[in-house]
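# Architecture at a glance
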Amino acid sequence: MNKKELIKFLIWMRNGVAFCTSWLLILWLIHNSIFNIENIATDSLMKMVLFAVGGVFIFSCVFTGVWIKKWRFLKRLNCFMVLFGIYEVTVFYCLGIGQEERRGGLAVYGIILISYLLCIIIYQLYEKKQGELYTQALRNYQQRNKRGTRDERKMV
């Protein structure tokens with residue numbers, strides 16, 4: 001393991017857990033406000049934090065170079081979506097979320113699929129933009145190179 005990648009992994013873990021826990025807690029508070037639920041149990045908070053830690057761990061393992069060194073973004077994204085989808089469905093099943101009604105389970109699968117498709121679309125747009133920038137830079141280089149060759153011929 002590279003020391004630089006390990007530090008990056010640990011920073012991503014710290015920041016990711018803080019971010020995910022905060023957002024999950026905000027969503028939970030909104031839910032409880034809507035349904036007039038006054039209390040949140042400590043064991044439920046612990047489960048939420050552990051859920052966030054597991055998801056961030058999967059993300060950090062896949063997207064840093066700690067264990068996977070040479071994969072490109074799409075391969076990493078596909079791996080993450082498969083692993084996180086399995087993790088999320090397993091955790092929701094263990095917590096009893098979505099077991100009573102099929103719509104809850106379908107909502108989870110739908111959210112995973114929509115998130116994946118959005119990531120692919122954003123990545124494709126990014127790749128297209130980067131390709132255009134690279135092509136323009138290559139054309140500029142070729143034009144400068146042709147001018148330089150012409151100038152050298154004139155001097156001889």
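Scope of this entry: the structure provided in the associated data block. Worth saying up front: this structure is predicted, and the values here are computed from it rather than measured.

Helix and strand counts for the chain come out as four helices and zero strands. In sequence order, the chain lays out its α and β elements as α-α-α-α. Out of the 156 residues in the chain, the part that is buried amounts to 23%. Of the contacts formed within the chain by residues at least 6 apart in sequence, a portion of 63% connects residues at least 24 apart. Working note: accessible area of the chain is about 12,200 Å², and carbon and sulfur atoms make up 65% of it.

Formed by 14 residues in total, the largest nonpolar core has its most connected members in Phe51, Ile58, Val62, Phe63, Phe80, Met81 and Tyr87. Ranked by the residues each element gives to this core, the list is headed by helix α3 (residues 73-95), at eight residues. Residues contacting Phe80, with those up to four places away along its chain left out, are Gly55, Ile58, Phe59, Val62, Phe63 and Gly85. Within the second largest apolar cluster, six residues are counted, among which are Phe9, Met13, Val17 and Cys61.

Before going further, it helps to spend a moment on the environment of Val108. By the secondary structure assignment, Val108 is in helix α4 (residues 102-155). Accessibility expressed as a relative area gives 13% for Val108, which makes it buried. In this structure the C-alpha to C-alpha distance between Val108 and Glu88, which are 20 residues apart in sequence, comes to 8.4 Å. Those residues in contact with Val108, other than ones at most four positions away along the chain, are Glu88, Val89 and Phe92.

A word on α3. Between its first and last C-alpha atoms α3 spans 32 Å; for 23 residues at 1.5 Å apiece the expected length is 33 Å, and the two agree. Where α3 is concerned, the buried positions are Arg76, Leu77, Cys79, Phe80, Met81, Phe84, Gly85, Tyr87, Glu88, Val91 and Phe92. Gly96 occupies a position one or two residues after α3 and carries a positive phi of about 80°.

Quick notes on the rules
Per chain, residues are indexed from 1 in the order of the written sequence. Local features in this predicted model are restricted to residues of pLDDT 70 or higher, and side-chain atom pairs are both shown and tallied only at a pLDDT of 80 or more, whereas totals for entire chains, interfaces and linings draw on every residue. The basis for every side-chain value is the complete set of non-hydrogen atoms in the structure, without hydrogens or water. Numbering goes from the N terminus for both helices and strands, where a helix is a DSSP run of H or I of at least four residues and a strand is a run of E of at least two. Categorising residues by exposure relies on relative accessible area from a 1.4 Å probe, with only protein chains included: less than 20% of the type maximum marks a residue as buried, more than 50% marks it as exposed, and the intermediate range marks it as partly exposed. By the convention used here, residues are in contact when the closest approach between their heavy atoms is within 4.5 Å. To measure how exposed things are, a 1.4 Å probe is used in the Shrake-Rupley method; for residues, cover is taken only from the protein chains shown. The set of buried Ala, Val, Leu, Ile, Met, Phe, Trp, Tyr and Cys residues whose side-chain atoms join them within 4.5 Å is what this entry labels a nonpolar core. Each residue after the first adds 1.5 Å to the expected span of a helix.

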